[in-house]
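Remarks on the overall topology
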Amino acid sequence: MAVLTVLSPPSLPTSSSSILYHFYNNDSTNCYFWHKNVSKWTPISAVSKRKNGPAKSQIHLMQSSTSSGSRCLWIKGTSSVHDKIAGQERREGLSLSVLPTTAAQVSSVEDLYEFICSGPLLDKVGLNQDKVAESIDKWILCGSQLCRLFRLNELFLTEPQKVRIYHYYIPVFMWCEQEISLHSSKFKDEDDIPPLVIGFSAPQGCGKTTLVFALDFLFQVTGRRTATISIDDFYLTAESQGKLRESNPGNALLEVARTMSSLKWTPFSSLLFVYYEIFNLQFRGNAGSHDLPLSVETMTALQKLTREGTKMKLPRYDKSAYNGRGDRADPSTWPEVEGPLSAILFEGWMLGFKPVPAEVVKAVDPQLEIINKNLEAYYNAWDKFIKSWIVIKIKDPSYVYQWRLQAEIAMRADGKPGMSDEEVFDFVSRYLPAYKAYLPTLYAEGPSGSDPEHLLVVEIDEGRNPILAN
């Protein structure tokens, strides 16, 4: 049985500021709010919503213990921060550092309010200036939590960091909360409410994994239970991948793993595959390389986690197995998730792709014909479970190449093993045909089986930040 520890409010502030927030162990449930007009500490959950716009007074937050300042890996667009933080936070149970006891000025509420309202996603997520003003306390809380999650100094955020937090992650989080509320409203109080499955379709390298990680963390902070799953978790076992390669000789879109397995293994090549794993490069991925029955079994079971005490393990894939060729992880290592779940966050680079006419794929690459045929089975295995969609849209599929090349150049500059420019081009070329064939339909019609009323399209630029759509 969980034990709730009730903490006493902090000592009365000596500052002349009108507003002060105080967090205990970065826990939003133990957050107190001081206002000189009422001269007492009040839990933040009890703060009334502002009806007449943001306050004009100064807001103070407890300074984070991190010294990272403005540096954060996810600004560079790599997935290493997710791998590093996710592993650490899962081991520590999201136990974050205790904050200092001295307040430091950040900015005025008015400045933050104006910055939030200048974001390109506000209208898309159903918000306006009045709604932001009413929920400004929640924006502040979520922003502070994300700064601590990503080890950022919230007092010295760079412009890109502010954009990523207040123009991207939090607006998307607010939209997801609205979708969950709408989903729950369709059921009666006595009903078991299945979790809402939210699909994230986004190209490789655009930061979708980190976005999902941030959303999952914010849901935990606000008291909702969620499960995260990726299409990567449903890859075929190593044995089945071998059979797939053997049955498709000469098809470069399905034989990447065979190409890599033919290498002569040396200490350097083994290190190279460790490097590949850090940057989430995949030697598998096109339609036909996934265990679809496992997908159906997993998604069906997840939707039954509607009551306290219900549990299941989530499949995971070990990309480092067999010297980088990969295999399904041992079930004893799979993470366990417990109900009741509010949402399932399902992400993947090809989620929502649907078959297109044969002449279309032939015009792009004749090798896509088998991929296009395989894609016919994916709706029933993946897309039919998804009721709300987030599509991360890019203007040009070549961004994927640029993002990968940036990561490789950075690695080589640090003296670490990395692919050459030619090798990067060859690797990304394994996925570009699918992007060219299926992204136009995805962007024009939405994901397979999606409802336009429950679809959020976020267009990002080459810097992976949201922009106003044309």
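The structure reproduced in this document is the subject of the present report. These numbers come from a predicted model, not from an experiment.

**So, the overall build of the protein chain**
Broken down by element type, the protein chain carries 16 helices and 14 strands. By the burial criterion, 54% of the 470 residues in the protein chain qualify as buried. Counting contacts in the protein chain only where the partners sit at least 6 residues apart, residues at least 24 apart contribute 77% of the total. Put simply, the protein chain shows about 21,300 Å² of open surface, and 52% of that area lies on carbon and sulfur atoms.

**Regarding the nonpolar core**
One finds W139, V172, L302, F346, W382 and Y438 to be the most contacted residues of the largest nonpolar core, which totals 105 residues. Considering each element in turn, this core owes the most residues, 12 residues, to helix α5 (residues 159–184). When neighbours within four sequence positions are excluded, Y438 is seen to be in contact with F353, K354, P355, V356, V361, L368, I371, N372 and L375.

**What about the pairing of strand β7 (residues 226–230)?**
Burial analysis of β7 places five of its five residues in the buried class, which makes it a mostly covered element. Alignment of β7 against strand β12 (residues 343–348), held across five bridges, turns out to be parallel. Directly across from A227, in β12, lies its bridge partner I344.

**Overview of unusual backbone geometry**
In the segment running from G339 into P340, the intervening peptide bond is cis, with an omega of 0 degrees. Despite not being glycine, R151 shows a phi value in the positive range, around 55 degrees. Here R151 is to be found in the loop between α4 (136–149) and α5. Positive phi outside glycine occurs at R464, with the angle close to 70 degrees. Position of R464 among the secondary structure elements: in the segment after β14 (455–459).

**Let's talk about the environment of D383**
If you trace the backbone, D383 turns up in the loop between α13 (378–381) and β13 (388–393). The class for D383 is buried, based on a relative accessible area of 3%. Separated by 30 residues in sequence, D383 and F353 place their C-alpha atoms 8.9 Å apart. Not counting residues up to four positions away in its chain, the partners in contact with D383 are L351, G352, F353, Y378, W389 and S448.

**Focus: the environment of L155**
Residue placement: L155 occurs in the loop between α4 and α5. Residue classification places L155 among the buried positions, given a relative accessible area of 14%. Linking L155 and S144, residues 11 residues apart in sequence, is a C-alpha distance of 9.8 Å.

**Quick notes on the packing of aromatic side chains**
If you walk through the whole model with that rule in mind, you get 13 aromatic pairs. A centroid spacing of 6.1 Å and a plane angle of 35 degrees characterise the contact between F150 and Y169, whose relative ring orientation is tilted. In this pair, F150 is assigned in the loop between α4 and α5 and Y169 in helix α5, connecting sequence segments 19 residues apart. For F150, a relative accessible area of 3% gives the class buried. Overall, the relative accessible area of 1% leaves Y169 in the buried class. Within the aromatic cluster, the residues linked to one another by ring pairs are W349, F353, Y431, Y435 and Y438. Taking the ring centre of F115 as reference, the NZ or CZ of K162 above it sits at 4.4 Å.

**Points about the side chain of S450**
Within the element layout of this structure, S450 appears in the loop between α16 (432–445) and β14. Polar side-chain contacts of S450 include one of 2.9 Å to the backbone oxygen of P447. Ignoring any residue separated from it by four or fewer positions in sequence, one finds S450 in contact with W389 and E445.

About the criteria used
- Residues numbered from 1 in each chain as written.
- Predicted model: local features only at pLDDT ≥ 70, side-chain atom pairs only at ≥ 80, totals over all residues.
- Heavy atoms only, no water.
- Helix = DSSP H or I, 4+ residues; strand = E, 2+ residues; numbered from the N terminus.
- Buried < 20%, exposed > 50% of the residue type's maximum accessible area, 1.4 Å probe, protein only.
- Contact = heavy atoms within 4.5 Å.
- Areas by Shrake-Rupley, 256 points an atom, 1.4 Å probe, with all protein chains shown as cover.
- Core = buried A, V, L, I, M, F, W, Y, C linked by side-chain atoms within 4.5 Å.
- Pairing = 2+ DSSP bridges.
- Phe/Tyr/Trp six-rings, centres within 6.5 Å; stacked < 30°, edge-to-face > 60°.
- Lys NZ or Arg CZ within 6 Å of the ring centre and 35° of its normal.
- Polar contact = N/O pair within 3.5 Å; in protein donor to acceptor, adjacent residues only side chain to side chain.

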